[in-house]
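Architecture at a glance
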Amino acid sequence: ESRDISQELMEAFKTYGGDRHQLLKDHIRVDYLYALSGQRESLVDWYPFRPEGTLLQVGSDYGALTGVYARKVSRVDVLDESEENLAMNRLRHVETDGRDNVAYHKGGICLYAARCEETYDYIVFVGSLGDNPEKQLQAAKRILKPEGEILVAACNPLGIKYWAGVPKDQNSFSKNTLTHILKGDEESGEVKFYYPMPDYRLPVTIFSDDYLPVKGDLTDTVAAYDYPRYIGLDVGAKFDEVCEDGQFDRYANSYLAVWKDGGQDRDEKAVEY
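Residues numbered from 1 in each chain as written. Predicted model: local features only at pLDDT ≥ 70, side-chain atom pairs only at ≥ 80, totals over all residues. Heavy atoms only, no water.

Before going further, it helps to examine the packing of helix H1 (residues 6–15) against helix H5 (residues 83–96). Direction vectors running N to C along H1 and H5 enclose 20°, while the axes themselves pass 8 Å from each other. Judged on the interaxial angle alone, H5 and H1 are roughly parallel. Crossing of H1 over H5 shows left-handed handedness. Across from Ser6, Gln7, Leu9, Met10, Phe13 and Lys14 in H1, the residues of H5 making contact are Glu84, Asn85, Ala87, Met88, Leu91, Arg92 and Thr96. When grouped by side-chain class, the residues that make up the contact of H1 with H5 number six nonpolar, four polar and three charged. (Axes fitted to C-alpha atoms, helices over the stretch in contact; angles between N-to-C directions. Helix = DSSP H or I, 4+ residues; strand = E, 2+ residues; numbered from the N terminus. Parallel < 35°, antiparallel > 145°, perpendicular 65-115°, else oblique. Left-handed = near helix turned anticlockwise from the far one by under 90°. Contact = heavy atoms within 4.5 Å. Nonpolar A, V, L, I, M, F, W, Y, C, P; charged D, E, K, R; others polar.)

Our next topic: a negative patch on the surface. Among the surface-exposed residues, Glu134, Asp185, Glu186 and Glu187 lie close enough to one another that they form a single negatively charged patch. Exposure remark for Asp185: the relative accessible area of 68% places this residue in the exposed category. (Patch = residues over 30% accessible without salt bridge, like charges linked within 9 Å, V, L, I, M, F, W, Y side chains within 5 Å. Areas by Shrake-Rupley, 256 points an atom, 1.4 Å probe, with all protein chains shown as cover. Salt bridge = Lys/Arg side-chain N within 4 Å of Asp/Glu carboxyl O. Lys, Arg positive; Asp, Glu negative; His and termini not counted. Charge placed at Lys NZ, Arg CZ, Asp CG, Glu CD. Buried < 20%, exposed > 50% of the residue type's maximum accessible area, 1.4 Å probe, protein only.)

Both faces of strand E7 (residues 205–208) are covered, namely the face carrying Thr205 and Phe207 and the face carrying Ile206 and Ser208. Looking at chain direction, strand E6 (residues 190–197) and E7 are connected through four bridges and run antiparallel. Across the sheet, Pro196 pairs through a bridge with Ile206, a residue of E7. (Pairing = 2+ DSSP bridges.)

Regarding helix H9 (residues 175–183), the residues found buried are Lys175, Leu178, Ile181 and Leu182. Considered in projection along H9, the buried side chains sweep an arc of 140° and stay on one side of the axis. On its buried face, H9 is in contact with helix H7 (133–142), strand E5 (144–155), E6, helix H11 (248–251) and strand E8 (254–260). Directly beyond the C-terminal end of H9, a positive phi value near 75° is found at Gly184. (Arc of directions from axis to C-beta.)

Looking now at the pairing of strand E1 (residues 54–58). The element E1 is largely enclosed, with a buried count of five among its five residues. Every second residue of E1 is oriented toward a common face, with Thr54, Leu56 and Val58 on one face and Leu55 and Gln57 on the other, all of them buried. With five bridges joining them, E1 and strand E2 (residues 75–80) adopt parallel strand pairing. Residue pairing in the sheet places Gln57 in a bridge with Val78 of E2. Handedness of the β-α-β unit built from E1, helix H4 (residues 66–72) and E2 comes out right-handed. The sheet contact formed by E1 and strand E4 (residues 120–126) spans four bridges and is parallel. Bridge pairing links Leu56 to Ile123 in E4. (Right-handed = clockwise from strand over helix to strand, strands pointing away.)

Another aspect to go through is the packing of aromatic side chains. A full pass over the atoms with the stated rule returns 12 aromatic pairs. Pairing Tyr195 with Phe248 gives two aromatic rings, centres 5.6 Å apart and planes at 70°, and the pair type is edge-to-face. With a gap of 53 residues between them, Tyr195 in strand E6 and Phe248 in helix H11 connect regions that are remote in the sequence. With relative accessibility at 0%, the residue Tyr195 sits in the buried group. Residue Phe248 is classed as buried on the basis of its relative accessible area, which comes to 2%. Here the aromatic rings of Phe239 and Phe248 are separated by 6.1 Å at their centres, their planes lie at 50°, and the arrangement is tilted. Assigned by exposure class, Phe239 and Phe248 land together as buried. Grouped by ring-pair contacts, the aromatic residues Phe193, Tyr195, Phe207, Tyr211, Phe239, Phe248 and Tyr255 constitute a single cluster. For the cation-ring pair, Lys141 lies above Trp259, with the distance from its terminal atom to the ring centre recorded as 4.2 Å. Across from the ring centre of Phe193, 5.1 Å away, lies the NZ or CZ of Lys175, which sits over that ring. (Phe/Tyr/Trp six-rings, centres within 6.5 Å; stacked < 30°, edge-to-face > 60°. Lys NZ or Arg CZ within 6 Å of the ring centre and 35° of its normal.)

Take the side chain of Ser254 next. By the element assignment, Ser254 lies in strand E8. Under the relative-accessibility criterion, Ser254 is labelled buried at 0%. At 2.8 Å, the side chain of Ser254 forms a polar contact with the backbone nitrogen of Tyr200. Ser254 has contacts with Ala154, Cys155, Asn156, Tyr194, Tyr195, Pro196, Asp199 and Tyr200, leaving out every residue within four places of it along the chain. (Polar contact = N/O pair within 3.5 Å; in protein donor to acceptor, adjacent residues only side chain to side chain.)

Let us now look at the packing of H7 against H9. At a closest axis distance of 8 Å, the pairing of H7 and H9 adopts a crossing angle of 45°. Put simply, H7 runs oblique to H9. Here H7 and H9 pass one another in a crossing that is right-handed. Note on element contacts: H9 touches H7 through Ile181, Leu182 and Lys183, opposite Pro133, Glu134, Leu137 and Lys141.

Here you go:
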């Protein structure tokens, strides 16, 4: 598990007067890139959130995605168990950017759902679906509006990049596992999958089941920043192999899954950035 850098990020952010671009130019570090890069927003910037909707962001993630949520919906509540993470998020979006539709809450989803009197149109877990995910999702569904949606982004332990030697995330889920925990024991609702490439943290292209890559599409695939110095296989060739065999969805590096009770048809194609 990566170490928390909230405090040093806040100090750097203040030193640079909120200039994320210059800060990233002067600090060439993967953890800073994941925390501050605007490309993080590509994961959900295209998603058709309803402008009048309300959204609960489970996991602050240094505020990497809070800004795009705040632009897309009417109100965002950010939930995190770390006061330091929330402080960094608040510094970034409220104190620096002047957002007036973001509120912050300390705690976990299970206790929050037990005392919360609000219901939400969207509840989002981006890399934050942790231990006991079934219990977390049950809690989320209790405070979701009837037509609401739960979005989960997570790494796939069967993804090609892990076969190439990248250490697996502590909380990662195969497509089958993610489908099962989203639907629950009752097997209720529908799940729509999207496939961010090279991964959900810094996506360049997002595929869906309506438009999956074919052989040749990923031959020159962009390497994720967490690949090891020496890669144990030809990633592009391996993706060609699984695409040709029609199994890209099983071996994609990560997923963005959307659960809705009853589901609805969408016709998005690949999204390029």
